[in-house]
Amino acid sequence: MMQRRNKRRLMNEINVVPYIDVMLVLLIIFMITAPLIQPSQIELPEIGKASAPPVEPLEVAIAASGSLTLRDRAGAGKEQQVDRSQLVELIKAKQAQNTDQPVVIAADKNVRYEEVIKVMDLLQQQKIRKIGLLTKSK
């Protein structure tokens, strides 16, 4: 009776030979295809004008009285009272030295918007580039 019991027991071992065969086939496939794969090349950006620090803008301040002041932020923030013709000449001279020189217009909150538009229009008519408005953040 004892002999019959042993024959009916389930086999609890796993046959790993097929897994080893599959792994060896995959290993051979990878060994053959790996040298054929070309490594990808990445085109990195070059250092150029984008890395140059931004130019400090020229600030045209319009006071409540309507007088114009030109402040050169790059030149130690020096200010000078100017009239409209002097303003155009000074800005053109600065933009002749540096073509990326921006100009911002700052106006007192009591100045009529029409005055700001007149100054901006004057600068645009004289072919002055990169004109913006300066605002105060709260």
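Residues numbered from 1 in each chain as written. Predicted model: local features only at pLDDT ≥ 70, side-chain atom pairs only at ≥ 80, totals over all residues. Heavy atoms only, no water.

**Focus: the sheet that holds strand 5 (residues 131–133)**
And then number 1: Spatial ordering of the open sheet is given by 3-2-1-4-5, a layout of five strands whose pairing is mixed. The open sheet is flanked by strand 3 (78–82) and strand 5, the only strands paired with a single partner. Looking at each pair of strands side by side, their axes are set apart by 25° on average, direction ignored.
And then number 2: Bridge count between strand 2 (residues 68–72) and strand 3: five bridges; the pairing is antiparallel. Bridge pairing in strand 3 links Asp 72 to Lys 78. (Pairing = 2+ DSSP bridges. Helix = DSSP H or I, 4+ residues; strand = E, 2+ residues; numbered from the N terminus. Axes fitted to C-alpha atoms, helices over the stretch in contact; angles between N-to-C directions.)

**Observations regarding helix 3 (residues 84–97)**
And then number 1: The first and last C-alpha atoms of helix 3 sit 20 Å apart over 14 residues, in line with the 20 Å expected at 1.5 Å per residue.
And then number 2: Taken together, the buried positions of helix 3 are occupied by Leu 87, Val 88, Ile 91 and Gln 95. Within helix 3, the buried residues cover an arc of 95° as seen down the axis, which keeps them to one side. Looking at helix 3, the residues exposed on the side facing more than 90 degrees away from the buried face are Glu 89, Ala 96 and Gln 97.
And then number 3: Those residues of helix 3 that are buried are in contact with strand 1 (58–62), strand 2, strand 3, strand 4 (103–107) and helix 4 (113–125). (Expected span 1.5 Å × (residues − 1). Buried < 20%, exposed > 50% of the residue type's maximum accessible area, 1.4 Å probe, protein only. Arc of directions from axis to C-beta. Contact = heavy atoms within 4.5 Å.)

**Description of the pattern of salt bridges**
And then number 1: A full pass over the atoms with the stated rule returns eight salt bridges.
And then number 2: A salt bridge links Asp 100 to Lys 130, with the nearest nitrogen and oxygen atoms 3.6 Å apart. Note that Asp 100 is positioned in the loop between helix 3 and strand 4 and Lys 130 in the loop between helix 4 and strand 5, a separation of 30 residues in sequence.
And then number 3: Of the charged contacts, one joins Lys 118 and Glu 115 as a salt bridge, the two residues approaching to 3.9 Å between their closest N and O atoms. With a gap of three residues between them, Lys 118 and Glu 115 both fall in helix 4, about one helical turn apart.
And then number 4: For Lys 118, a relative accessible area of 39% puts it in the partly exposed group. (Salt bridge = Lys/Arg side-chain N within 4 Å of Asp/Glu carboxyl O.)

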